[in-house]
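# Geometric and topological summary
Below, each chain spelled out in residue letters.
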Amino acid sequence: MRPGIHPESRPVVFRDRAADALFLIRSTATTSNTIEWRDGHTYPLIDVEISSAGHPVYTGTARVVDSAGRVERFQRRYGRRAALRG
């Protein structure tokens, strides 16, 4: 890597507001907010809307939409009428 062209990477705390979860990871993101971490050090804090701690796909609470049931319901309601007219 060429020196002087890459942004500084440092430990940053990301807080998922929806799931009330905290993650300490390395990032180049900047912020003026700070938080004291469990180890007693103060780190920059970035609030995020959603993370793997609260996203339905990662938590296993995602719902599958029953599109086949909707098509069958449509056919029951309107399929016979369209066939009789045609």
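Residues numbered from 1 in each chain as written. Predicted model: local features only at pLDDT ≥ 70, side-chain atom pairs only at ≥ 80, totals over all residues. Heavy atoms only, no water.

Counting its regular elements, the protein chain contains two helices and four strands. When the helices and strands of the protein chain are read in sequence order from the N terminus, they spell out β-β-β-β-α-α. Within the span of the protein chain, comprising 86 residues, buried residues form 17% of the whole. Excluding contacts between residues fewer than 6 apart, the proportion of contacts in the protein chain whose partners are at least 24 apart in sequence is 34%. Entry remark: accessible area of the protein chain is about 7300 Å², with carbon and sulfur atoms responsible for 51%. (Helix = DSSP H or I, 4+ residues; strand = E, 2+ residues; numbered from the N terminus. Buried < 20%, exposed > 50% of the residue type's maximum accessible area, 1.4 Å probe, protein only. Contact = heavy atoms within 4.5 Å. Areas by Shrake-Rupley, 256 points an atom, 1.4 Å probe, with all protein chains shown as cover.)

It is possible for side chains of opposite charge to pair when their charged atoms get near one another. Using the criterion set out here, one finds two salt bridges in the structure. When the shortest N-O distance is used, the salt bridge between Arg 15 and Asp 47 registers 2.6 Å. Taken together, the residues Arg 15 in strand β1 (residues 10-16) and Asp 47 in strand β4 (residues 42-48) connect sequence positions 32 residues apart. Classification of Arg 15 by relative accessible area gives partly exposed; the value is 22%. The exposure class of Asp 47 is partly exposed, given its relative accessible area of 36%. Taking the shortest distance from any N to any O, the salt bridge between Asp 47 and Arg 17 comes out at 3.8 Å. Separated by 30 residues along the polypeptide, Asp 47 in strand β4 and Arg 17 in the loop between β1 and β2 (21-27) bring together distant segments of the chain. (Salt bridge = Lys/Arg side-chain N within 4 Å of Asp/Glu carboxyl O.)

Moving on to a positive patch on the surface. Positive charge collects at one region of the surface, where Arg 70, Arg 73, Arg 76 and Arg 77 lie side by side. Along the polypeptide, Arg 76 turns up in helix α2 (residues 67-85). (Patch = residues over 30% accessible without salt bridge, like charges linked within 9 Å, V, L, I, M, F, W, Y side chains within 5 Å. Lys, Arg positive; Asp, Glu negative; His and termini not counted. Charge placed at Lys NZ, Arg CZ, Asp CG, Glu CD.)

Moving on: the confidence of the model for the protein chain. Of the residues in the protein chain, 74% reach a pLDDT of 70 or more, and the chain-wide mean stands at 82. Per-element confidence in the protein chain is highest for strand β3 (residues 34-36), whose mean pLDDT is 96, and lowest for helix α1 (residues 56-59), whose mean pLDDT is 62. (pLDDT = per-residue confidence, 0-100.)

A sheet is described by the order of its strands in space; here four strands give the open sequence β2-β1-β4-β3, paired in mixed fashion. The open sheet terminates on both sides in strands that have one partner only, identified here as β2 and β3. Looking at each pair of strands side by side, their axes are set apart by 45° on average, direction ignored. The pairing of β1 with β2 spans seven bridges and is classified as antiparallel. Across the sheet, residue Asp 16 finds its bridge partner in β2, namely Ala 21. (Pairing = 2+ DSSP bridges. Axes fitted to C-alpha atoms, helices over the stretch in contact; angles between N-to-C directions.)

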